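# Structural overview for review
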Amino acid sequence: MINTKEIKKLLIDKSMTINDVAVYIGKSYSNTNLKLNGKAPMTLNEAEKIQSLLGIEDCDFGFYFFSHSRGVKL
């Protein structure tokens, strides 16, 4: 599950919009919005493109794209 909160923080920090991401990955705004909000699945290729666009280091990839938070407490 994508870490939507942290991705959105990065977008703000870099003065980017969801539309900027959509254009970069070659998807529609609405599709990209769904993906960044965790409502639609994201491919590894899309995640890697977003990683590149936002300047996310390889060691931080899991933090942004493999969040373990699902609202269930163990």
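Here the structure is shown first, and the text comes after it.
I will try to describe carefully the structure that is included in this document.

What counts, and where the lines are drawn
Residues numbered from 1 in each chain as written. Predicted model: local features only at pLDDT ≥ 70, side-chain atom pairs only at ≥ 80, totals over all residues. Heavy atoms only, no water. Helix = DSSP H or I, 4+ residues; strand = E, 2+ residues; numbered from the N terminus. Buried < 20%, exposed > 50% of the residue type's maximum accessible area, 1.4 Å probe, protein only. Arc of directions from axis to C-beta. Contact = heavy atoms within 4.5 Å.

Moving on: unusual backbone geometry. Look at Ser 15: it is not a glycine, yet its phi comes out positive at around 55°. Checked against the element boundaries, Ser 15 lands in the loop between helix H1 (4-13) and helix H2 (18-25). Judged by its relative accessible area of 67%, Ser 15 is exposed.

Our focus in this paragraph is H1. Residues of H1 that are buried include every one of Glu 6, Ile 7, Leu 10 and Leu 11, and no others. Buried residues of H1, seen end-on, are gathered within an arc of 145° and therefore sit on one face of the element. Structural note: H1 exposes Lys 5, Ile 12 and Asp 13 on the side pointing more than 90 degrees away from its buried face. Contacts made by the buried residues of H1 are with H2, helix H3 (29-36), helix H4 (44-54) and helix H5 (61-65). Backbone geometry just downstream of H1 places Ser 15 in the positive-phi region, at approximately 55°.

This is a description of form; function is not addressed.
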